[in-house]
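Residue strings, one per chain:
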Amino acid sequence: MRSQIERYEKLGLRESLPKIYRYPIACREIGLILREAYIQFPKNLQSIIFHDTLAAFRLLPQIQTQSAVSAVHFLLQSVEAALPKQKRNMAVKEFKLAMVAHKRRTKLHHQEEKDSFQLPHDVLVHIFSFLDMQSLVSVGLVCWSWNLAANDNHLWELQYVVLYGNAAKRELIKQVQGQNKRHLQDPIDTGTITHWKEAVNGAYTGQ
């Protein structure tokens, strides 16, 4: 039982949730665990996963991206499919509260963008896709909305390919898949959960 808890904790999902560019990935990973393995885990581990699920919902208002909203809806579907009635009701309540707070914050943020003539997030991401790594890091220091766009996981996937090539990208994905299969008894499809900014930083520092 203890080894299963340790394997789950090694995934670092709780630490990933507060980070803007890792939040959607962590939500989807928790959702997959709920669907594929939750019922087979011991009570202690189920409790940990449940509290991480609640934490994911509560953090949503701080993560102002469409990918975060999509990921948290996926997590909600997993909750409804896997959790027993009492825990499911608690989680759904947290989700509804989080969505209300998220919509309020999004509305306020959009008003701030309108007042300051900020470009939409998807437009910023597209523009930043033409930058090299040093420039991408620099624009992320300008303001909150630029930092959010500059940390988009897809942008750092592009940077990884530019620096190390598609072959290195495929090899890294295989490594991530292997690590996650070792962490949990039931294998989980993790081909799309690579944290590309961390991958770039790790490989860049290593060289």
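Residues numbered from 1 in each chain as written. Predicted model: local features only at pLDDT ≥ 70, side-chain atom pairs only at ≥ 80, totals over all residues. Heavy atoms only, no water.

**Here's the deal with a nonpolar patch on the surface**
In plain terms, the rule: Patch rule: a residue counts if its relative accessible area is over 30% and it has no salt bridge; like charges are joined within 9 Å, and nonpolar side chains (Val, Leu, Ile, Met, Phe, Trp, Tyr) within 5 Å. Computed by Shrake-Rupley with a 1.4 Å probe, the accessible areas treat only the displayed protein chains as cover when residues are assessed. By salt bridge we mean one thing: a side-chain nitrogen of Lys or Arg within 4 Å of a carboxyl oxygen of Asp or Glu. Under the scheme used here, helices are H or I runs from DSSP no shorter than 4 residues and strands are E runs no shorter than 2 residues, and both carry numbers assigned from the N terminus.
The grouping of Leu119, Val123 and Ile127 at the surface amounts to a nonpolar patch, some 210 Å² of accessible area in total. Here Ile127 is to be found in helix α7 (residues 121-128).

**A look at the packing of helix α4 (residues 43-59) against helix α5 (residues 66-82)**
Just so we agree on the cut-off: Orientation is described by axes fitted as lines to C-alpha atoms, over the contacting stretch for helices, and by angles from 0 to 180 degrees between their N-to-C directions. When the near helix sits turned anticlockwise from the far one by under a right angle, the crossing is termed left-handed; a clockwise turn instead gives a right-handed crossing. In what follows, a contact means two residues having at least one pair of non-hydrogen atoms within 4.5 Å.
Orientation of α4 relative to α5, taken along the N-to-C sense of each, is 145°, at an axis distance of 11 Å. Where α4 crosses over α5, the handedness of that crossing is left-handed. Residues Thr53, Ala56 and Phe57 of α4 form the contact with α5, whose participating residues are Val72, Leu75, Leu76 and Val79.

**Considerations on helix α3 (residues 23-36)**
Put simply, the test is: To estimate how far a helix should reach, multiply one less than its number of residues by 1.5 Å. Think of it in three bands: with a 1.4 Å probe and only protein chains considered, a residue is buried below 20% of the maximum accessible area for its type, exposed above 50%, and partly exposed in between.
With 14 residues, α3 should reach 20 Å at 1.5 Å per residue; the first-to-last C-alpha distance of 20 Å fits that figure. Among the residues of α3, those classed as buried are Tyr23, Pro24, Ile25, Ala26, Cys27, Glu29, Ile30, Gly31, Leu32, Ile33 and Leu34.

**Observations concerning the nonpolar core**
When a protein is soluble and globular, its nonpolar side chains tend to lie buried together. Note the cut-off: We define a nonpolar core as any set of buried Ala, Val, Leu, Ile, Met, Phe, Trp, Tyr and Cys residues linked to one another through side-chain atoms lying within 4.5 Å.
If you look at the biggest cluster of nonpolar residues, it comprises 35 residues, and the most contacted ones within it are Tyr8, Leu17, Tyr23, Ile30, Leu34, Ile49 and Phe57. Of all the elements, α4 adds the most residues to this core, at 7 residues. Setting aside anything within four residues of it in sequence, one finds Phe57 in contact with Tyr23, Val72, Leu75, Leu76, Val79, Ala91, Glu94, Phe95 and Ala98. Within the second largest apolar cluster, 17 residues are counted, among which are Tyr160, Tyr164, Ile173 and Val200.

**What to know about the environment of Tyr21**
Turning to its location among the elements, Tyr21 is positioned in the loop between α2 (13-16) and α3. Taking C-alpha positions, Tyr21 is 5.9 Å from Asp152, a pair spaced 131 residues apart along the chain. Setting aside anything within four residues of it in sequence, one finds Tyr21 in contact with Asn151, Asn153, Lys197 and Glu198.

**Quick notes on the pattern of salt bridges**
Summed over the entire model, instances satisfying the criterion amount to 2 salt bridges. For Asp52, the salt bridge goes to Arg14, with nearest N and O atoms at 2.9 Å. Here Arg14 lies in helix α2 and Asp52 lies in helix α4, a separation of 38 residues in the sequence. Given the relative accessible area of 3%, Asp52 is considered buried. Residues Glu94 and Arg58 are paired through a salt bridge, measuring 3.1 Å at the closest nitrogen-oxygen approach. Of this pair, Glu94 sits in helix α6 (residues 85-116) while Arg58 sits in helix α4, and the two are 36 residues apart along the sequence. Overall, the relative accessible area of 49% leaves Arg58 in the partly exposed class.

**Thoughts on α7**
Applicable threshold: This arc is built from the directions going out from the helix axis to the C-beta atoms.
By the burial criterion, the buried members of α7 are Leu124, Val125 and Phe128. One side of α7 holds all its buried residues, which, seen down the axis, span an arc of 100°.

**Focus: the confidence of the model for the chain**
It should be kept in mind that the predicted coordinates are not to be read in detail where pLDDT is low. Test applied: Confidence of the predictor in every single residue is expressed as pLDDT, which spans 0 to 100.
Here the chain averages 81 in pLDDT, and 81% of its residues register 70 or above. Residue range residues 182-193 is modelled with pLDDT below 50. Its contacts to residues more than four positions away, or to other chains, number 29 contacts.

**Remarks on the environment of Arg28**
Mapped onto the elements of the fold, Arg28 is located in helix α3. Separated by 47 residues in the primary sequence, Arg28 and Leu75 place their C-alpha atoms 6.2 Å from one another. Apart from residues no more than four positions distant in its own chain, Arg28 is found in contact with Ser70, Ala71 and Phe74.

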